[in-house]
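# Fold and contact review
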Amino acid sequence: MLRTKSDRVFMVIIYCFVGLFAFACLYPLVLTLMTSLTDEQTLIRNGYKMFPEKYSLAAYQVIVDSMGSKVFNAYKITIFVTVVGTALSLFVTASIGYVVSVKDFKQRNFINMLLYIPMVFSAGLLPWYIVCTKYYNLTNTLLALILPPCLNVFNVFLMRNFFASLPTAVFESARIDGAGHFRIFFRIAVPMAQVGIYTVGMLYALGYWNDYYNALMFIRKSEMYPMQYYLYNILSNIQFAARQSQNRLSYNIAIPSETIKMAIIIVTILPILFLYPFIQRYIVKGVVVGAVKG
């Protein structure tokens, strides 16, 4: 297909705009990485720069030294919670989403109402904490990191829209052939809604991977800390030590308080950066389809 001169000019403008937008999105991440590799005194003297005068791995060394061998245990806890929590959340979310998408299910409106209520009203932090600790006994258990965030109502409605957008003729044919809802759900609905599964799974995985609040609330044993909470403790301790050092006018010990913030960001998002390119096409398509259809 031949393009006119105006078409080529338009395409150049579009590519330039997209390139600038991509650069604007990538620049903060690259700047964070370069700042984490900058010497602390150089950063204080010259500020944030894309190409620092002096490089240093002191921030990463502090993280490794502070955590020691526990860094691998923290990673194992985080990976286990992310994998198990995402699988459980997907099963619960997809199951409820399929149930409320079935039009001839009599209680679907009642269940929808029960799902809408927590989106509008919240019982508050104290009742939630009492229920989780006193009645569910989640203190110092891995279930405390898995169960509280395992159901997100927005994701349930997202999956409901996915299932509702599927051709009803397929489900009717399966019922005529004698298939029940259990077989239809696992054999037909879930394979046909893979885009939605990937989308919701990524949202849950990001939530579990970045969560430190539940560990802060329920975990008291250091050997059960996930990676995010370990990094949170390191940052808090370093900031406290830096303030104490300034108050006592003790400048003999250089604490990389600024660069370590950037190093913690890089350590936190690095695994997600490697995973995201493989499933990013499902995220974009999934959010658009799930939010519009249904």
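Reference entry: report on the structure contained in this document.

### Topic: a nonpolar patch on the surface
Together, Phe110, Met113, Leu114, Tyr116, Ile117, Met119, Val120, Phe121, Phe154 and Leu203 give the surface a local cluster of nonpolar side chains, amounting to about 1000 Å² of exposed area. The element contributing the most residues to the nonpolar patch is helix H5 (residues 108-120), with 7 residues. Tracing the backbone through its elements, the reader meets Leu114 in helix H5.

### Side note on the packing of aromatic side chains
Aromatic ring pairs are described here by two measures, namely the spacing of the ring centres and the angle between the planes. All told, the structure shown has 13 aromatic pairs when counted by the stated rule. Measuring from ring centre to ring centre gives 6.3 Å for Tyr75 and Trp209, while their planes differ by 50°; the resulting arrangement is tilted. Of this pair, Tyr75 sits in helix H4 (residues 70-101) while Trp209 sits in helix H11 (residues 194-210); the two residues are 134 residues apart in sequence, bridging distant segments of the chain. Assessed through its relative accessible area of 7%, Trp209 is described here as buried. Grouped by ring-pair contacts, the aromatic residues Phe91, Tyr98, Phe163, Phe182, Phe185 and Phe186 constitute a single cluster.

### Some words on the side chain of Asp39
Inspection of the secondary structure assignment puts Asp39 in the loop between helix H1 (5-36) and helix H2 (40-46). Put simply, Asp39 is tucked away with no salt bridge, and the nearest opposite charge, on Lys54, sits 4.4 Å away. Beyond its immediate stretch of four places on either side in the chain, Asp39 contacts Lys54, Tyr55 and Ser56.

### Some points on the environment of Thr268
Among the structural elements, Thr268 can be located in helix H14 (residues 257-292). For the pair Thr268 and Trp209, spaced 59 residues apart in the sequence, the C-alpha separation amounts to 8.5 Å. Residue contacts for Thr268: discarding those within four places in its chain leaves Trp209, Asn210, Met227, Gln228 and Leu231.

### Observations regarding the nonpolar core
Core analysis: the largest hydrophobic core is formed by 32 residues, its most contacted members being Ile63, Ile219 and Leu231. Where this core is concerned, the elements lending two or more residues are helix H3 (58-67), H4, helix H7 (143-146), H11, helix H12 (213-218), helix H13 (227-247) and H14. Here this core takes 6 residues from H14, the largest share from any one element. Sequence-distant contacts of Ile219, defined by excluding residues within four places in its chain, comprise Asn140, Thr141, Ala144, Leu145, Asn214, Met224 and Tyr225. Counting 21 residues, the second-largest nonpolar core is a separate cluster that includes Val102, Leu166, Phe171 and Ile184.

### Some words on unusual backbone geometry
One non-glycine residue, Asn137, lies in the positive phi region at around 55°. Tracing the backbone shows Asn137 in the loop between helix H6 (125-135) and H7. Residue Asn140 is not a glycine yet carries a positive backbone phi of 60°. Mapped onto the fold, Asn140 is located in the loop between H6 and H7.

Rules and cut-offs
Residues numbered from 1 in each chain as written. Predicted model: local features only at pLDDT ≥ 70, side-chain atom pairs only at ≥ 80, totals over all residues. Heavy atoms only, no water. Patch = residues over 30% accessible without salt bridge, like charges linked within 9 Å, V, L, I, M, F, W, Y side chains within 5 Å. Areas by Shrake-Rupley, 256 points an atom, 1.4 Å probe, with all protein chains shown as cover. Salt bridge = Lys/Arg side-chain N within 4 Å of Asp/Glu carboxyl O. Helix = DSSP H or I, 4+ residues; strand = E, 2+ residues; numbered from the N terminus. Phe/Tyr/Trp six-rings, centres within 6.5 Å; stacked < 30°, edge-to-face > 60°. Buried < 20%, exposed > 50% of the residue type's maximum accessible area, 1.4 Å probe, protein only. Lys, Arg positive; Asp, Glu negative; His and termini not counted. Contact = heavy atoms within 4.5 Å. Core = buried A, V, L, I, M, F, W, Y, C linked by side-chain atoms within 4.5 Å.

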